[in-house]
Amino acid sequence: MSKQGITRRGVVGSDVSNHKQNVYVLSEEDLKHASDSDEQPLLGDVQTSDKKKEKTSWMRIAKVIVVTIFMGFLFGLVFEKSRVFEPYHIRAQFFFTKWMMLKMFLGAMSSSAFSLGVVSLVSPTRFKKISNAFHGCNHRGVFTAVIPGAILLGVGMALGGACPGMVTAQLGSGIQNAYITLLGAMTGALVFGIMEPIMARWITSGYTIHAFTLQDLFPKFKFWMFAFPLSAFAIGGIFIIEHFFPWESELDIPNAKGCKGFGCHAWPPQVSGVLLGFLQLPAIAFIGDTLGSSTAYSALCSLTTHAMHDAHTEKYFASFASLRDSLMAWWQVPYLTMAVVGALASAYMSNSFPAKDYGVPSSTVTQSFLGGFIMLFGSRLAGGCTSGHGISGFTLSMLNSVVAMPFMFLGGITFVFIYKAIDSDFYV
């Protein structure tokens, strides 16, 4: 990408693991750090007569599709086995009555941090590229975008009983009203994309964190000094929680006696989390990106601008314009699509499809739609979802993610207790 292209359109992003959400004019220092993989064009947009480059583009697209199919299938499978995708368990975590969600989150954080620590030592150049890919999202105001967006994300999760990536596991496993949550999420992404030009000044106003990572604050600080202790800390947290709240005691439907492997209804959520976190490795090695989910929703919504003249789209819908031809945005679409298939396969292997027929409760239609809408709008505003901020940004020591994650949990926790005080029947 040329410097002119960056200056004209800015770095944009949806998940913090990507860099294509809001339009910013970057400084010269940012331009130095912008990686060549910022906005990989799709083959149809490659303006070159160099057949070797064209062939490389075809090969890159094919490679990304194959890898995302594998990653998405595994993502859906482990999420279905974790049982964390059940709306009841999301709310129960915010009520502090079940701890499956936190165990899975800590498991994913531990393996993600470990994977990124290894990459930083084995391939410093590659690590620097994926780290620099977050710079565009750090131009958000902490109090005008990051914190409000994270709170909204938590509220949406609590209301709808899902997160952006989790919706796919709900669809594949047959959770009732999951498609309503998906519809709400798509609507939230579309509304944010339409409103973003109006909100741009607000989003970038106020206090911003000028240092991107802990390494920027402490130049002598090596990333692995953060990553490996964080991984160990997360594992330690899992053991402590598991000691007091064994995972099998939290299952609503216990595993069949003598079940093995894929035939079991549930796996320890921390094991599923660890497997999910290790998906960072193929994402980095073959895609050149880190894990995230909510970009897929905005990428699909960007199709609504295809009928418009390019100049008009660039002027009024810059975020959607940048997503239309970006491979770094579109890889998440087949990734999440295959997650539906992975969850479906997992449910069939354990004879637990559809989930609604086995007594798994769901959110109401209204809760599902509003929850999906709020969580996607919030994740876009904050610059990341639970995958982008939590599994990727936080474990990369991105300071915006370090700020966002506590407020996401705070938003969800505060909401469920307020809702419960208003409606005593609110829980499932």
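Thresholds, definitions, all that
Residues numbered from 1 in each chain as written. Predicted model: local features only at pLDDT ≥ 70, side-chain atom pairs only at ≥ 80, totals over all residues. Heavy atoms only, no water. Helix = DSSP H or I, 4+ residues; strand = E, 2+ residues; numbered from the N terminus. Phe/Tyr/Trp six-rings, centres within 6.5 Å; stacked < 30°, edge-to-face > 60°. Buried < 20%, exposed > 50% of the residue type's maximum accessible area, 1.4 Å probe, protein only. Contact = heavy atoms within 4.5 Å. 1 Å grid on protein atoms, 1.4 Å probe; cavity = no way out; pocket = protein on both sides within 12 Å on 5 of 7 lines; lining within 4 Å. Points joined across faces, edges and corners; volume = space filled by probe spheres on them. Nonpolar A, V, L, I, M, F, W, Y, C, P; charged D, E, K, R; others polar. Core = buried A, V, L, I, M, F, W, Y, C linked by side-chain atoms within 4.5 Å. Patch = residues over 30% accessible without salt bridge, like charges linked within 9 Å, V, L, I, M, F, W, Y side chains within 5 Å. Areas by Shrake-Rupley, 256 points an atom, 1.4 Å probe, with all protein chains shown as cover. Salt bridge = Lys/Arg side-chain N within 4 Å of Asp/Glu carboxyl O. Axes fitted to C-alpha atoms, helices over the stretch in contact; angles between N-to-C directions. pLDDT = per-residue confidence, 0-100. Polar contact = N/O pair within 3.5 Å; in protein donor to acceptor, adjacent residues only side chain to side chain. Expected span 1.5 Å × (residues − 1). Disulfide = S-S within 2.5 Å.

Quick look at the environment of H210
Link 1 in the chain: Mapped onto the secondary structure, H210 falls in the loop between α9 (178–203) and α10 (214–217).
Link 2 in the chain: Between the alpha carbons of H210 and L399 there is a distance of 9.3 Å; along the sequence they are 189 residues apart.

Points about unusual backbone geometry
Link 1 in the chain: Of note, the bond from F353 into P354 is cis; its omega dihedral lies within 30 degrees of zero at -5°.
Link 2 in the chain: Positive phi, normally seen in glycine, also occurs at F96, with a value near 65°.
Link 3 in the chain: Within the chain, N177 stands out as a residue other than glycine whose phi angle is a positive 70°.

Focus on the packing of aromatic side chains
Link 1 in the chain: Applying the stated rule across the entire model yields 17 aromatic pairs.
Link 2 in the chain: Taking the centre distance of 5.9 Å and the plane angle of 75° together, the rings of F105 and F409 count as edge-to-face. Taken together, the positions of F105 in helix α5 (residues 100–122) and F409 in helix α21 (residues 399–422) put the pair 304 residues apart, joining distant regions of the chain.
Link 3 in the chain: On the numbers, 5.3 Å between centres and 55° between planes, the contact of W331 with Y335 is tilted.

A short note on the side chain of Q270
Link 1 in the chain: With respect to the helices and strands, Q270 occurs in helix α12 (residues 269–277).
Link 2 in the chain: You can call Q270 buried: its relative accessible area is 12%.
Link 3 in the chain: Excluding its chain neighbours within four sequence positions, the residues that come into contact with Q270 are K103, M104, G107, I238, E242 and W247.

As for empty space enclosed by the protein
Link 1 in the chain: A complete count under the given rule lists 3 cavities of 30 Å³ or more for this structure.
Link 2 in the chain: Volume-wise, the largest cavity comes out at about 220 Å³.
Link 3 in the chain: Lining the largest cavity are 17 residues, with F79, F105, C163, M166 and T386 sitting closest to its centre.
Link 4 in the chain: Mapped by element, the contributors of at least two residues to the lining of the largest cavity are α3 (51–82), α5, α20 (386–393) and α21.
Link 5 in the chain: Taken together, the residues of the lining of the largest cavity break down into 14 nonpolar, 3 polar and no charged.

Some thoughts on the nonpolar core
Link 1 in the chain: One finds M71, F79 and L276 to be the most contacted residues of the largest nonpolar core, which totals 84 residues.
Link 2 in the chain: No other element matches α5, which puts 9 residues into this core.
Link 3 in the chain: Every residue in contact with F79, bar those within four places of it in the chain, is listed here: V84, F85, M104, M166, A169 and L276.

Focus on a nonpolar patch on the surface
Link 1 in the chain: A surface patch of nonpolar side chains, about 700 Å² in accessible area, is lined by F114, V118, L121, V122, W224, M225, F278 and L281.
Link 2 in the chain: Of the residues forming the nonpolar patch, the biggest block, 4 residues, is contributed by α5.
Link 3 in the chain: If you trace the backbone, M225 turns up in helix α11 (residues 223–244).
Link 4 in the chain: Judged by its relative accessible area of 37%, M225 falls in the partly exposed class.

As for the packing of α5 against helix α13 (residues 280–287)
Link 1 in the chain: The geometry of α5 relative to α13 is characterised by a closest axis approach of 9 Å and an angle of 35° between their N-to-C directions. Contact residues: α5 offers S112, S115, L116 and V119, while α13 offers Q280, L281 and I284.
Link 2 in the chain: Looking at the contact of α5 with α13, its residues break down into 4 nonpolar, 3 polar and no charged.

Regarding the environment of P361
Link 1 in the chain: Along the polypeptide, P361 turns up in the loop between α18 (332–349) and α19 (365–382).
Link 2 in the chain: The class for P361 is partly exposed, based on a relative accessible area of 28%.
Link 3 in the chain: Between the C-alpha atom of P361 and that of E86, which follows or precedes it by 275 residues, the distance is 7.6 Å.

Details of the pattern of salt bridges
Link 1 in the chain: Across all of its chains, the model carries 5 salt bridges by this definition.
Link 2 in the chain: In this structure, E80 and R83 form a salt bridge, with 2.6 Å as the shortest nitrogen-oxygen distance. Each member of the pair E80 and R83 is classed as buried.
Link 3 in the chain: Here E86 makes a salt bridge to R83, at a shortest N to O gap of 2.9 Å. The exposure classification of E86 matches that of R83, with both residues buried.
Link 4 in the chain: Each member of the salt-bridge network shares a partner with another, and the members are E80, R83 and E86.

A word on the confidence of the model for the protein
Link 1 in the chain: Residue-level pLDDT values for the protein average 83, and 81% of them are 70 or greater.
Link 2 in the chain: Considering only residues more than four positions removed or in separate chains, one finds that residues 1–55, a stretch of pLDDT under 50, has 151 contacts.

Concerning the side chain of S352
Link 1 in the chain: Turning to its location among the elements, S352 is positioned in the loop between α18 and α19.
Link 2 in the chain: Of note is the side chain of S352, whose polar atom sits 2.8 Å from the side chain of S350.

Let's talk about α5
Link 1 in the chain: If you check α5, its first and last C-alpha atoms are 33 Å apart, about what 23 residues at 1.5 Å a residue would give, namely 33 Å.
Link 2 in the chain: When you tally the buried positions in α5, you get 19 out of 23 residues, the bulk of the element.

Here we look at the state of the cysteines
Link 1 in the chain: If you walk through the whole model with that rule in mind, you get 1 disulfide.
Link 2 in the chain: Disulfide partner of C259: C264, at an S-S distance of 2.2 Å. Note on the C259 and C264 pair: the S-S dihedral is about 100°, so by sign convention the disulfide is right-handed.
Link 3 in the chain: Residue C259 is classed as partly exposed on the basis of its relative accessible area of 24%.
Link 4 in the chain: Of the residues examined, C264 reaches a relative accessible area of 8% and is grouped as buried.
Link 5 in the chain: Here C385 is not cross-linked by a disulfide; its sulfur's nearest cysteine counterpart is in C163, at 6.6 Å.

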